[in-house]
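Listed below, chain by chain, are the residues.
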Amino acid sequence: MADALLRIGEVAARTELSLRSLRHWEEVGLLRPSGRTEGGFRLYTEDDVERILVVRRMKPLGYTLEEMSVVMRDIEALGAGVGGDERAAALARLDALRADAADRRARLERQLGMADEFLSILDAQPSG
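Residues numbered from 1 in each chain as written. Predicted model: local features only at pLDDT ≥ 70, side-chain atom pairs only at ≥ 80, totals over all residues. Heavy atoms only, no water.

Student: Go over the confidence of the model for the chain with me, naming the residues and quoting the values.
Tutor: Interpreting fine coordinate detail is not advised for predicted regions of low pLDDT. Per-residue confidence for the chain gives a mean pLDDT of 94, with 98% of residues at or over 70. Between the elements of the chain, mean pLDDT differs from a low of 93, seen in strand β2 (residues 35-36), to a high of 97, seen in helix α5 (residues 84-123). (pLDDT = per-residue confidence, 0-100. Helix = DSSP H or I, 4+ residues; strand = E, 2+ residues; numbered from the N terminus.)

What follows is the structure, given as structure tokens:
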């Protein structure tokens, strides 16, 4: 099992996030490492890395830390097999988020199109 644990630097490199971001997300309760060494170094599992990547993918869409936290709790609850009203509420929130994420993605795609048009205008100008 010890071979499967990663230190924060390895996780930062794999997720293309800064150590500062990972530490901050832990401080605000968004994410948490699975353990620590005797010396206090954070240790992460592959599942931790996958959760971090979910958050990283939400970040460019402009979600707040609180919104990301709710999503992570819902995903963890569903993964843990919650049932009844709690499951229904988590599924409803994730369905609403899916629609919102699609809208945010479409907005980004329009912005990317405008950026491409702007670059085309610049490319058409004489260069020095």
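Right, picking up where we left off after that structure.
Student: I'd like to hear about the sheet that holds strand β3 (residues 42-44), residue by residue, with values.
Tutor: Reading across the sheet, the three strands line up as β1-β3-β2 and stay open at both edges, with antiparallel pairing between neighbours. Every interior strand has two partners, whereas the edge strands, β1 (6-7) and β2, have only one. By the bridge criterion, two bridges tie β1 to β3 in an arrangement that is antiparallel. Across the sheet, leucine 6 pairs through a bridge with tyrosine 44, a residue of β3. (Pairing = 2+ DSSP bridges.)

Student: Residue-level account of the side chain of aspartate 74, with values.
Tutor: With respect to the helices, strands and loops of the structure, aspartate 74 is situated in helix α4 (residues 65-79). Residue aspartate 74 is classed as buried on the basis of its relative accessible area of 5%. At a separation of 2.6 Å, a polar atom in the side chain of aspartate 74 contacts the side chain of arginine 93. Once residues lying within four places of it in the same chain are set aside, the contact partners of aspartate 74 are Ala90, Arg93 and Leu94. (Buried < 20%, exposed > 50% of the residue type's maximum accessible area, 1.4 Å probe, protein only. Polar contact = N/O pair within 3.5 Å; in protein donor to acceptor, adjacent residues only side chain to side chain. Contact = heavy atoms within 4.5 Å.)

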